[in-house]
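# Topology and contacts: notes
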Amino acid sequence: MDPAQTNSGAEGGESYDKVVDEFSFLIRDKNHDGVLEREEFDEGRSAFDKLSDPERFDRYDLDGDGVVTRDEFLQGRASDRDNETEVAQPPGPNDIPLARDTGPLARREDED
Ligand SMILES: [Ca+2]
Ligand SMILES: [Ca+2]
């Protein structure tokens, strides 16, 4: 009967995504009043991910009261994830691009 319990499946990614989303909400909420005004929503987008179109704020603001609450934000993020495969990725192997090609040992062999 507990929805939080039944929701935890074998897919361990969901809780991680939620943590990222909550963090994303918190860094947007500059004045810490627990809701995102349109300016906060727009401002945070470039810092953390690419919520670029203005319509997205309206989509997130489910009850249309002009602010996005934490719950609305989490729901919006979840539905965005359903629509796009491209979301903010955690740092991975792709973030270390130069490690292999510039090995000093290989160069030393050349000079010898
Ligand atoms: Ca705020
Ligand atoms: Ca709202």
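Reference entry: report on the structure contained in this document. Quick caveat: nothing in here was measured; it's all calculated off a predicted structure. (Residues numbered from 1 in each chain as written. Chains lettered and ligands numbered in written order. Predicted model: local features only at pLDDT ≥ 70, side-chain atom pairs only at ≥ 80, totals over all residues.)

### Here's the deal with the overall build of the protein
Of the regular secondary structure elements, the protein holds six helices and two strands. Of the regular secondary structure in the protein, the N- to C-terminal order runs α-α-β-α-α-β-α-α. Counted over contacts in the protein with a minimum sequence separation of 6, partners at least 24 positions apart contribute 45%. (Helix = DSSP H or I, 4+ residues; strand = E, 2+ residues; numbered from the N terminus. Contact = placed C-beta atoms within 7 Å.)

### What about the nonpolar core?
In terms of nonpolar packing, the biggest core is built from seven residues, these being Phe 25, Leu 36, Phe 41, Phe 57, Tyr 60, Val 68 and Phe 73. Ignoring anything within four residues of it in the chain, the contact list for Val 68 reads Val 35, Leu 36, Phe 41, Phe 57, Tyr 60, Asp 61 and Phe 73. (Core = buried A, V, L, I, M, F, W, Y, C linked by C-beta atoms within 7 Å. Buried ≥ 20, exposed ≤ 12 C-beta atoms within 10 Å, placed from the backbone.)

### Remarks on the environment of Asp 17
Relative to the helices and strands, Asp 17 resides in helix H2 (residues 13-28). Counting along the chain gives 61 residues from Asp 17 to Ala 78, while the straight-line C-alpha distance between them is 8.6 Å.

### A look at helix H5 (residues 70-83)
The terminal C-alpha atoms of H5 lie 20 Å apart, and with 14 residues this matches the ideal 20 Å at 1.5 Å per residue to within 8%. Among the residues of H5, Phe 73, Gly 76 and Arg 77 are the ones counted as buried. An end-on view of H5 places all buried positions within 100° of arc, on one side of the element. Along H5, the residues that are exposed and aim more than 90 degrees away from the buried face are Asp 71, Ser 79 and Asp 82. (Expected span 1.5 Å × (residues − 1). Arc of directions from axis to C-beta.)

### Observations regarding unusual backbone geometry
Within the chain, His 32 stands out as a residue other than glycine whose phi angle is a positive 55°. Its place among the elements puts His 32 in the loop between H2 and strand E1 (35-36).

### Considerations on the environment of Arg 59
One can find Arg 59 in helix H4 (residues 55-60). Using a count of 15 C-beta atoms within 10 Å as the deciding quantity, one classes Arg 59 as partly exposed. For the pair formed by Arg 59 and Gly 76, sequence separation is 17 residues and the distance between their alpha carbons is 7.2 Å.

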